[in-house]
Every structure is written in C-alpha cells, then in structure tokens.
Amino acid sequence: MTATDLSVPAPAVAAPGHRGTPTRRVRLRGWRLVGYVTLVLAAVGLLLPFYWMVAASLKTNNDVFTIPITWLPDPVVWRNYLDIWQRSDMTTWLWNTLLLSVLVTVLQVLTGSFAAYGFARVRFPGRNLLFLAYVGTIAVPWQSYMIPQFILMSKLHLSNTLWSIVALQAFGAFGVFLMKQFYETIPEELSESARVDGLSEFGIYRRIMLPLSRPALASLALLTFVTTWNDYLGPLIYLRSPELRTIQLGLNTFISQYNAEYALIMTGSVLSVLPVAVIFLLGQRHFIEGIATTGLKG
C-alpha cells in the first residue's frame, strides 16, 4: 500500500452559489413564505378601512352600517358623488386646499433645498451650531408658539387669508434636514470642479445639485403636499370665512350639518383622500428612492 493510498481525502468544497443542504433551503423558503404572508395580511389590514370607506360611499344611507357588513354595495349608488357636490361647497374646498398645498410645497422645496445647500456645501463660522439649532425646532411642539404666531399674523393683517397659511408653512426644518443629508451623499469633487471652472455657488446649486437630487426633492414635495392637504388645525385657526375653507374644514362643517347622512360623509372622505392617493401612486418610485438614499454616504 503506497503513501498515496493512505492519504486522507480532501474535504469537499462547496460550489459557488451553494446555499446549504436541501433541508436548509426548504426551511429558508418556508420562512420567506411566512414573511410574504405576513406582509400581505398587514397590507390587507391597512387597506381594509379605505376599501370600506369607498364601498360605503356607494351605498344607500341605511346600508352603511348594516350587520353583517356588506362588502359589495348592492345597489351601487353613484348619485352620492353628485349629491355631495350639490349639497356642499366642495369645489371651493378642493380649490382652496389644492392652492395651499401647491404653494406651500413649491416654497418648501425651494427654501429647504437652498438652505440645505448652504449648510452642506458652504463653509462659514458657526455653521454646525446654527444647523443644530435650526433642526432642533422640529422637537418644539407647535402648540407652544401657536399664540405668538397668531398675534403676528393678526398684526400683519394676514389673519383670515390664505396667505397666513402660506407664510407660516413656507419654511420647514425637516425639509432642510432631509435635503442636507442627501446633498452630503453627492461627491464634493463635483462642486470643486465647478468652482474651478468659474461657476458660482448659485450656479452649482441650480445646475449640479438640483438635477442630482430629484429623488430627495420628490420625497420632500410629496411629504409636504400630503401634510398641507391634511392640515386641519392651522386652517381652523386662521381661516374663518366660509369661502376660505379647506377640504378638512369643509367636511367638518358638512358632518355637523348632515350628521346622519353617513353615505355622503363617506363620499366626501373619498374625495378628500383621492388626490393624495393619486399623487403618491405617481411619485412613489421617486419617494422610495429618495428616502432609501438619504443619509447614505457616496
């Protein structure tokens, strides 16, 4: 018997892409299936109230709270969407809300991205301290300075005008924080090269930073639009005239007048949610990309 015959056989080397034994692969597939089922159940639980709201908006008033629940309206009452336009000032409410949401969103995107560029790229004494103090205002509850703001808006004669909401919400510390975190993922070498070529700081911001930060801008725009659209307390304080009511204030007055018209109330709720849902569906790819990449160092 030779020495070669007595040698110990070399251990088998796993081939590239090997994922373990069949039992382990089956176990991993089982856990993955459990995860998918859990996510589906969570999604169903989240969307079920919205589906019930839509279904209730297409029922007669007596069928909304029937027991057991009828998930499919029978008959389908499309006239509810016509009745609420006739029995309320829905056009004015939606227009005021859309106008405020668009103006506030545009201003917050402009001011937030511009201020964030200063904090992220411009060197000046006390920059970090100023940024920390500015972002720290996020932790201050609005109720603590609500009265001083109202006095200020009254002295400026902006109370009971749409401009009061625009002036108060045109700037936001959260937008500055979000955009600064994204700007820091963009290599500094791009800005340095632009400065060498003679481009001003505003030119760098407009021609380089803004085009590269579209996902973050989309995220900020979507978050700001949804927040402004759903705002109730701000318009309640500053907008007292009926012709200035937003959709949230208008629905509240509608509920107080027609508190037993449940089908129409659900119809109004659908109309208030529908624009936000459409905008989110159109911009969800940019929103997810912006949130996922914000704060990652490039």
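Reference entry: report on the structure contained in this document. Quantities reported herein were computed from a predicted structural model and do not represent experimental measurements.

Examining the environment of glutamate 192
Next, step 1: Mapped onto the elements of the fold, glutamate 192 is located in helix α9 (residues 188–196).
Next, step 2: Separated by 12 residues in sequence, glutamate 192 and isoleucine 204 place their C-alpha atoms 9.5 Å apart.

Brief notes about unusual backbone geometry
Next, step 1: Even without being glycine, histidine 157 reaches a positive phi, approximately 60 degrees.
Next, step 2: Tracing the backbone shows histidine 157 in the loop between α6 (146–155) and α7 (162–169).
Next, step 3: Its relative accessible area of 69% is what places histidine 157 among the exposed residues.
Next, step 4: You will see that asparagine 160, though not glycine, has its phi angle at about 65 degrees, which is positive.
Next, step 5: Under the relative-accessibility criterion, asparagine 160 is labelled partly exposed at 22%.

Quick notes on the side chain of arginine 121
Next, step 1: Looking at where arginine 121 falls in the secondary structure, it is placed in helix α4 (residues 90–121).
Next, step 2: Judged by relative accessible area, arginine 121 falls into the buried class, the value being 7%.
Next, step 3: A polar side-chain atom of arginine 121 sits 2.4 Å from the main-chain carbonyl oxygen of isoleucine 186.

Some words on the packing of aromatic side chains
Next, step 1: A complete count under the given rule lists 11 aromatic pairs for this structure.
Next, step 2: Consider the rings of phenylalanine 114 and tyrosine 205, whose centres lie 5.0 Å apart with planes at 80 degrees: the pair is edge-to-face. Within this pair, whereas phenylalanine 114 is found in helix α4, its partner tyrosine 205 is found in helix α10 (residues 201–212), the two being separated by 91 residues in sequence.
Next, step 3: Residue phenylalanine 114 is classed as partly exposed on the basis of its relative accessible area, which comes to 45%.

With respect to the packing of α4 against α7
Next, step 1: Close contact between α4 and α7 brings their axes to 9 Å; oriented N to C, the two are set at 25 degrees. Here α4 is positioned roughly parallel relative to α7, judged by the angle of their axes. Note on packing geometry: the crossing formed by α4 with α7 is right-handed. Here Asn96, Leu99, Leu100, Leu103, Val104, Leu107 and Gln108 of α4 come into contact with α7, specifically with Leu162, Ile165, Val166 and Gln169.
Next, step 2: When the residues that make up the contact of α4 with α7 are grouped by side-chain class, the tally is eight nonpolar, three polar and no charged.

Some points on the pattern of salt bridges
Next, step 1: Applying the stated rule across the entire model yields seven salt bridges.
Next, step 2: Where arginine 195 meets glutamate 192, a salt bridge forms, and the shortest distance between an N and an O atom there is 3.3 Å. With arginine 195 and glutamate 192 both in helix α9 and three residues apart, this pair spans about one turn of that helix.
Next, step 3: Classification of arginine 195 by relative accessible area gives partly exposed; the value is 24%.
Next, step 4: Measuring nitrogen to oxygen at the nearest pair gives 2.6 Å for the salt bridge that ties arginine 195 to glutamate 201.
Next, step 5: With a relative accessible area of 31%, glutamate 201 lands in the partly exposed category.
Next, step 6: Each of the salt bridges in this network shares a partner with another, and the network as a whole consists of Arg121, Glu188, Glu192, Arg195 and Glu201.

Focus: the nonpolar core
Next, step 1: Membership of the largest hydrophobic core comes to 21 residues, with the highest contact counts inside it found for Tyr117, Met179, Tyr183, Ile204 and Met209.
Next, step 2: When contributions to this core are tallied by element, the ones reaching two or more residues are α4, α5 (127–136), α8 (173–183), α10 and α11 (214–229).
Next, step 3: Among residues more than four places away in sequence, those in contact with isoleucine 204 are Tyr117, Ser191, Ala194, Arg195, Leu199 and Met209.
Next, step 4: Met90, Leu94, Phe225 and Met266 belong to the second-largest nonpolar core, a separate cluster that totals 19 residues.

Cut-offs applied
- Along each chain, residue indices are assigned from 1 in the same order as the chain's sequence is written.
- Local features are withheld for residues below a pLDDT of 70 in this predicted model, meaning they are given only at 70 or higher, and side-chain atom pairs are given and counted only at 80 or more; totals for whole chains, interfaces and linings count all residues.
- Only heavy atoms go into the side-chain values, all of them from the structure, while hydrogens and water stay out.
- Put simply, DSSP H or I for four residues or longer makes a helix, DSSP E for two residues or longer makes a strand, and each gets a number counted from the N terminus.
- For every residue, the accessible area (1.4 Å probe, protein chains only) is compared with the maximum for its type, and the residue is labelled buried under 20%, exposed over 50%, or partly exposed between those bounds.
- Any pair of N or O atoms that falls within 3.5 Å is considered a polar contact. Within protein, one atom must be able to donate a hydrogen and the other to accept it, and sequence-neighbouring residues count only if both atoms are side-chain atoms.
- Aromatic contacts are taken between Phe, Tyr and Trp rings whose centres are within 6.5 Å, Trp giving its six-membered ring; a plane angle under 30 degrees counts as stacked, one over 60 as edge-to-face, and the others as tilted.
- Angular values range over 0 to 180 degrees, each being the angle between N-to-C directions of two axes fitted as lines to C-alpha atoms, with helices fitted over their stretch in contact.
- Angle categories are assigned with fixed cut-offs, so that under 35 degrees is roughly parallel, over 145 is roughly antiparallel, 65 to 115 is roughly perpendicular, and the rest are oblique.
- A clockwise turn of the near helix away from the far one marks a right-handed crossing, whereas an anticlockwise turn of less than a right angle marks a left-handed crossing.
- Any pair of residues with heavy atoms lying within 4.5 Å of one another is described as a contacting pair.
- Three categories are distinguished: nonpolar for Ala, Val, Leu, Ile, Met, Phe, Trp, Tyr, Cys and Pro, charged for Asp, Glu, Lys and Arg, and polar for the others, with Gly belonging to the last.
- The salt bridge criterion pairs a side-chain nitrogen of Lys or Arg with a carboxyl oxygen of Asp or Glu, the two atoms within 4 Å.
- Within this scheme, the nonpolar core is defined by two criteria: the residues are buried Ala, Val, Leu, Ile, Met, Phe, Trp, Tyr or Cys, and they are joined through side-chain atoms within 4.5 Å.

All quantities given are derived from atomic positions and should not be read as evidence of function.
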